Amino acid sequence: MTQTQELVAWTHQQKCEKAVESLGKNGFDAVYCPTAAFARDYIFKEAAAAQTVGFGGSLSVADLQVIEELRGQGKELLIHSVPGLSPEERIAIMRRQLTCDLFLTGCNAVTLSGILVNIDGVGNRAASMFFGPRQVIVVVGRNKLVDGDVNAAIKRVKDWASPPNAKRLNYNTPCAKTGFCSDCNSPDRICRITTVIERKPRLTDVRVVVVNEDLGL
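As the structure is a prediction and not an experimental result, all values here were calculated from the model.

A. Quick peek at helix α5 (residues 87–97). Residues of α5 that are buried: Ile93, Met94 and Gln97. One side of α5 carries all its buried residues, which in axial view fall inside an arc of 100 degrees. Facing away from the buried side of α5, by more than 90 degrees, are the exposed residues Glu88 and Arg95. Buried-residue contacts for α5 involve β2 (52–55), β3 (76–79), β4 (102–106) and α6 (124–130).

Below you can see the structure in the form of structure tokens.
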């Protein structure tokens, strides 16, 4: 690692640790992980007792490559993005994710003051984050941290997450073509539900894993 890389990593570490501290003050169980490998190990440890594991369609979680290990442990994986599923089968899996033992998801943006901000098209991912599953683990790469308020977090989502996600999902939206949000009214619009989690939900065991690596979009 070059000196420049070391200094960049150190700067990101300070922001990650600040976010963890703030999340803790807001009631979340928050953990700092210096690398994705640490985050993987944490997930495997927390998943030990889970029989059903739901996946919210997060690229951050996909980047950790935990699916095959969890499947090898004999767990039932609830993944609604598996190719070949009918619309009815997809929706059925989404509904089961709401009551799974462990729900794994990313987060579109997290403020350094410890607030989780997400924008969904359907809402299944966001809904599962705050009520239903026995335990939720939210994976947050350093690229998701925002040094600002909720409005800055929403701007981060619409500038950096929504356009590439619309393109990835092959939606016919202006942002999927231009890379810029135009606050469209397209039938394929994915920015339909915005959730702001200011404090840990009372009845849900939410763990936030903040990783000093870029994960997801």
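B. Focus on the nonpolar core. With 23 residues, the main nonpolar core has Phe55, Leu70 and Leu104 as its most contacted residues. Looking at this core, the elements with two or more residues in it are α2 (36–46), β2, α3 (59–64), β3, β4, β7 (135–141) and β10 (205–211). Of the residues forming this core, the biggest block, five residues, is contributed by α2. Those residues in contact with Phe55, other than ones at most four positions away along the chain, are Val61, Val66, Ile67, Leu70, Leu77, Leu78, Ile79, His80, Gln97, Phe103 and Leu104.

C. Looking closely at unusual backbone geometry. Even without being a glycine, Gln65 presents a positive backbone phi close to 55 degrees. Of note in this structure, Asn170 is not a glycine but carries a positive phi near 60 degrees. Here Asn170 shows up in the loop between α7 (150–168) and α8 (174–178). A relative accessible area of 69% means that Asn170 is categorised as exposed.

Calculation rules
- Residues numbered from 1 in each chain as written.
- Predicted model: local features only at pLDDT ≥ 70, side-chain atom pairs only at ≥ 80, totals over all residues.
- Heavy atoms only, no water.
- Buried < 20%, exposed > 50% of the residue type's maximum accessible area, 1.4 Å probe, protein only.
- Helix = DSSP H or I, 4+ residues; strand = E, 2+ residues; numbered from the N terminus.
- Arc of directions from axis to C-beta.
- Contact = heavy atoms within 4.5 Å.
- Core = buried A, V, L, I, M, F, W, Y, C linked by side-chain atoms within 4.5 Å.

Scope: geometric values only; no functional claims are made or implied.
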